[in-house]
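Structural features, examined
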Amino acid sequence: MTSPELLDPELAAFITGNLSLQLAATDAAGLATVVRCVGCRVSADRRRVTLLMPRSQATPVLAGIAANGRVAVVFNEPSSYRTLQLKGRDARIEAPLPEDADALQPYAAGFARRLAPLQVPEPYVRTLVSCSPEDLVAVSFTPLEAYAQTPGPHAGRRLAPGESGA
Amino acid sequence: MSQPLSLDRLRPCLEGIVPSGIATCGVDGMPNITYVSQLMYVDPEHVALSFQFFNKTRENILANPVATVLMMDPDTAARYRLTLRYLRTETAGPLFERMKAKLAGIASHEGMSAVFRLLGADVYRVQAIEAVPGRELPPVEEGPALLPALRRSVDALAACPSQESLIDCFCTCLERHFDIRHQMLLMADVPAARLYIVASRGYAQPGTGAEVPFGVGVIGVAAREQVPIRIMFPASDYAYSRMLRDQAAASELAGQLETRIPLPGLAEPASQLAVPVMAGGRLVAVAYVESRQECHFGYDLEDALVALAATLGLSMAASLCAEAAEEPVEVRGAPPSAMPAGEPVQVRYFNRDGSVFLGDDYLIKGVAGVILWRLLGDHQRTGRSEFSNRELRLDPALRLPDVCDNLEARLILLQRRLQERCGWLGIEKTGRGRFRLVLARPVILLAEEPA
């Protein structure tokens, strides 16, 4: 079964725009765990989203994904507070592509630029999202559900396919 | 072998400077992740999360009470995962008020004041803390070392012989040892549910005698809840000028509140901290400090000022007991002083609120006004200028609200207000429980309303 296309080009551009990224997984006992990610890419057909993270920081998350494939990822644009959550049930742990390591520095620089207006120093941001290429691991999934989470009473509203959630 | 991680050492992560993420698991086994507006330190075993809206996190936590929080140190970028178990939601009381005030700062920091209404403080037990590996920046050492500053301040307070010296010493210690530039000390008038300034530092006008009702602003909430209130970002909801105007006008205190002495304070403080000064479970005063710099007062400074305030409160109580024990019933022996020469000044008194005007200038009202009126009357009738605290305490006309009332603090207020407003009339302490009225010009006493 192929899922309906959840990400329109605007949403795909949004989530790959050097945002604050956190990914959650669950274990068999019902405990969720979380890791900060250091990059995001979307497949050409926009059906597959891949998050990059330091393997050394993601141990419990990777164990959960290996066991059940369930993930939730939150994307936050610090300046606008626009926040989106994607969920999937078919997550896989993958080796990173060669270009993923090349994307680490541009992601850190872009994320630092987003936080500069909030007086967050660039060395802080670079430290927060630092990852050696050898430590990099990828998790990809098909987003099945999207939720708008921009702070406010409508946070948590499920988005229809193609809806922006802005 | 390193020590196990303690939440006490990770409190900077809980200031809301870098947003934390919280991951929960639904009954269907699906994870959910969201950013947290506020994660607050409660004690070494507990944290509280702000509950503002009913959302998926809340739905999950009510069905499956375990969660993981990822929090970041705002200086070093060190990351920690906390395993939490939800215990309860508090919708009123000290923890709720602390969180509400803090959230107001975070909300206005994020331009979200209108949508950030606190419904409850969700209390969680911290079951595990995991340091997430990765690069860190070196820790930042800012401001004075707090334990030595506290030690020096406690030593200084211990050497103070009187209420007045305790008040001044406390303010000097905050300036000198804690490098605090803007501060007020407000004495509590518990029966009247308000506070009045006895000392302030760092403002163009000292505002001695200005009042804050319990429950209003950072100071008033700290007094009502008897809990420190600390805000790390500018919080328009807790700005005094507007608060006082709006809330005082609406309250039953509207007619009684001191409004003619403007409250000092920074127009837009970026950091605020109000610490209740307690003695044996009773509220004595509130110490308030503020700064134009964001994130200026951290958890550790709050701890240091709470400890110093405890010393101040107990020292004030001890000093009151000592003074009361030595108070003479009546002061005799001093010869009546002659009425001074010079241009007479009209002193007008309004019995309704105890307000006193020197000429056309407003001086003070309330208990301090009634005291001054009585002293001037006595002086005019008998020529007396030496008085004792005890005779004031026993005088029903003074309407002292409470047997335990801090009369000494009211005399200090009166003395300072006179010093600030007038060069020819004053009171000065002449010993424990006794003082002198000093008058350099003749006065004409006019009671504007019948007693």
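Look up: the structure comes first, before these words.
Attention in this report is confined to the structure presented alongside it. Here the structure is a predicted model, which means the values were calculated and not measured.

Moving on: the pairing of strand 9 (residues 145–148) of chain A. On any regular strand, side chains alternate: one points to one face of the sheet, the next to the other face. Residues and elements named next belong to chain A. Across the two faces of strand 9 the burial is the same, with Glu145 and Tyr147 and Ala146 and Ala148 all buried. As paired elements, strand 6 (residues 83–88) and strand 9 share 4 bridges and run antiparallel to each other. Bridging across to strand 9, Leu86 finds its partner in Ala146. As judged from the 2 bridges shared by strand 9 and strand 10 (residues 157–158), these two strands associate in the antiparallel manner. Bridging from a neighbouring strand, Tyr147 pairs with Arg158 of strand 10.

What follows deals with helix 10 (residues 407–421) of chain B. Residue and element names in this part refer to chain B. In a regular helix each residue adds 1.5 Å, so 15 residues correspond to 21 Å; helix 10 covers 21 Å between its end C-alpha atoms and thus fits that length. In terms of residue burial, helix 10 counts as a mostly covered element, since 12 of its 15 residues are buried. Along helix 10, the residues classified as buried are Leu407, Glu408, Ala409, Arg410, Leu411, Ile412, Leu413, Leu414, Gln415, Arg416, Arg417 and Leu418.

Taken as a class, soluble globular proteins show a tendency for nonpolar side chains to be buried jointly. Core analysis: the biggest nonpolar cluster contains 95 residues, and Phe178(B), Leu185(B), Ile219(B), Leu305(B), Ile371(B), Leu376(B) and Leu425(B) have the highest contact counts within it. Looking at this core, the element that brings in the most residues is helix 8 (residues 367–382) of chain B, giving 8 residues. Among the domains, domain 2 (146–325) and domain 3 (345–447) of chain B are the pair contributing at least three residues each to this core. Within the second largest apolar cluster, 60 residues are counted, among which are Ile15(A), Ala32(A), Ile65(A) and Tyr35(B).

In this section: the interface of chain A and chain B. Contacts between chain A and chain B engage 39 residues on the former and 42 residues on the latter. Carbon and sulfur atoms make up 63% of the area that chain A and chain B hide from each other, which totals about 3200 Å². Broken down residue by residue, the surface that chain A buries against chain B is led by Gln57(A), Tyr124(A) and Thr127(A), which jointly contribute 20%. At the junction of chain A and chain B, the tally comes to 0 salt bridges. Along the contact surface separating chain A from chain B lie 14 residue pairs in polar contact (both at pLDDT 80 or more). Among the secondary structure elements, those contributing two or more residues to the side of chain A that touches chain B are strand 1 (20–26), strand 2 (32–36), strand 5 (71–76), strand 6 and helix 5 (122–128) of chain A. A total of 7 residues in the side of chain A that touches chain B trace back to one element, the largest contributor, which is strand 1 of chain A. Classifying every residue of the side of chain A that touches chain B gives 19 nonpolar, 15 polar and 5 charged.

Bringing helix 8 of chain B into the picture now. All names here are of chain B. Taking 1.5 Å per residue as the helical rise, helix 8 with its 16 residues ought to reach 22 Å, and the 22 Å between its terminal C-alpha atoms agrees with that figure. Among the 16 residues that make up helix 8, 13 are buried, leaving the element largely enclosed by the rest of the structure. Phi for Gly383, located one or two positions after helix 8, is positive at around 80°.

This part is about the environment of Tyr35(B). Along the chain, Tyr35(B) turns up in strand 2 (residues 31–36). Other than its neighbours up to four places away in sequence, Tyr35(B) contacts Ser20(A), Leu21(A), Gln22(A), Val74(A), Asn76(A), Thr83(A), Pro19(B), Ser20(B) and Gly21(B).

What follows concerns the pattern of salt bridges. Pairing is possible between side chains that carry opposite charge, provided their charged atoms lie close to one another. Residues and elements named next belong to chain B. A complete count under the given rule lists 35 salt bridges over all chains for this structure. Arg260 is the salt-bridge partner of Asp353, the closest N and O atoms lying 3.6 Å from each other. A residue pair is termed long-range when its members are at least 10 positions apart, and Asp353 in the loop between strand 14 (345–350) and strand 15 (355–358) and Arg260 in the loop between helix 6 (240–250) and strand 12 (271–279) qualify at 93 residues. Connected through shared salt-bridge partners, Arg374, Asp378, Arg381, Arg384, Glu391 and Asp395 make up one network.

So, about empty space enclosed by the protein. Residues and elements named next belong to chain B. With the rule as written, the count across this model stands at 4 cavities of 30 Å³ or more. Taken together, Glu164, Asn389, Glu408, Leu411, Ile412, Gln415, Ile427, Glu428, Lys429, Arg434 and Phe435 form the lining of the largest cavity. In terms of residues, the lining of the largest cavity owes the most to one element, helix 10, which gives 4 residues. Considering only residue class, the lining of the largest cavity consists of 4 nonpolar, 2 polar and 5 charged.

With that settled, the discussion passes to the side chain of Asn76(A). Within the secondary structure, Asn76(A) sits in strand 5. On the accessibility criterion, Asn76(A) (13% relative accessible area) is buried. Those residues in contact with Asn76(A), other than ones at most four positions away along the chain, are Leu19(A), Ser20(A), Tyr81(A), Arg82(A), Thr83(A) and Tyr35(B).

Residues and elements named next belong to chain B. Taken together, the 7 bridges between strand 5 (residues 66–72) and strand 6 (residues 79–90) define a ladder with antiparallel strand orientation. Bridge pairing in strand 6 places Met71 opposite Tyr80. Where strand 6 and strand 7 (residues 120–132) come together, 11 bridges link them in antiparallel fashion. Counted as the bridge partner of Leu82 is Ile129 from strand 7.

This part is about the sheet that holds strand 17 (residues 386–388) of chain B. Note: strands within a sheet are paired through backbone hydrogen bonds, in either parallel or antiparallel orientation. All names here are of chain B. Spatial strand order, 17-19-18: 3 strands in an open sheet with antiparallel pairing. Each having just a single partner strand, strand 17 and strand 18 (425–431) make up the two edges of the open sheet. Adjacent strand axes in the sheet meet at a mean angle of 30°, parallel and antiparallel pairs treated alike. Where strand 18 and strand 19 (residues 434–439) come together, 6 bridges link them in antiparallel fashion. In the sheet register, Leu425 faces strand 19, and the bridge partner there is Leu439.

Here we come to the packing of aromatic side chains. The tally for this structure, following the rule as stated, stands at 7 aromatic pairs over all chains. Between Tyr107(A) and Phe111(A) the ring centres are 5.7 Å apart and the planes differ by 20°, which places this aromatic pair in the stacked class. Taken together, the residues span about one helical turn, with Tyr107(A) and Phe111(A) both in helix 4 (residues 104–115) at a distance of 4 residues. The exposure classification of Tyr107(A) matches that of Phe111(A), with both residues buried. For the pair Tyr41(B) and Tyr299(B), a centre-to-centre distance of 5.6 Å together with 70° between the ring planes defines the contact as edge-to-face. Taken as a pair, Tyr41(B) in strand 3 (residues 39–43) and Tyr299(B) in helix 7 (residues 299–326) lie far apart in primary sequence, 258 residues in all. The pair Tyr41(B) / Tyr299(B) is uniform in exposure class, with both members buried. In this structure an aromatic cluster arises from ring pairing among Phe350(B), Phe357(B) and Tyr362(B). Over the face of the ring belonging to Tyr299(B) we find Arg230(B), whose NZ or CZ atom lies 4.3 Å from the ring centre. The ring of Phe357(B) carries Arg348(B) above its face, with NZ or CZ at 5.1 Å from the centroid.

Basis of the calculations
Residues numbered from 1 in each chain as written. Chains lettered and ligands numbered in written order. Predicted model: local features only at pLDDT ≥ 70, side-chain atom pairs only at ≥ 80, totals over all residues. Heavy atoms only, no water. Buried < 20%, exposed > 50% of the residue type's maximum accessible area, 1.4 Å probe, protein only. Helix = DSSP H or I, 4+ residues; strand = E, 2+ residues; numbered from the N terminus. Pairing = 2+ DSSP bridges. Expected span 1.5 Å × (residues − 1). Core = buried A, V, L, I, M, F, W, Y, C linked by side-chain atoms within 4.5 Å. Domains from an automatic or database assignment. Contact = heavy atoms within 4.5 Å. Buried area = accessible area lost by both parts, 1.4 Å probe. Salt bridge = Lys/Arg side-chain N within 4 Å of Asp/Glu carboxyl O. Polar contact = N/O pair within 3.5 Å; in protein donor to acceptor, adjacent residues only side chain to side chain. Nonpolar A, V, L, I, M, F, W, Y, C, P; charged D, E, K, R; others polar. 1 Å grid on protein atoms, 1.4 Å probe; cavity = no way out; pocket = protein on both sides within 12 Å on 5 of 7 lines; lining within 4 Å. Points joined across faces, edges and corners; volume = space filled by probe spheres on them. Axes fitted to C-alpha atoms, helices over the stretch in contact; angles between N-to-C directions. Phe/Tyr/Trp six-rings, centres within 6.5 Å; stacked < 30°, edge-to-face > 60°. Lys NZ or Arg CZ within 6 Å of the ring centre and 35° of its normal.

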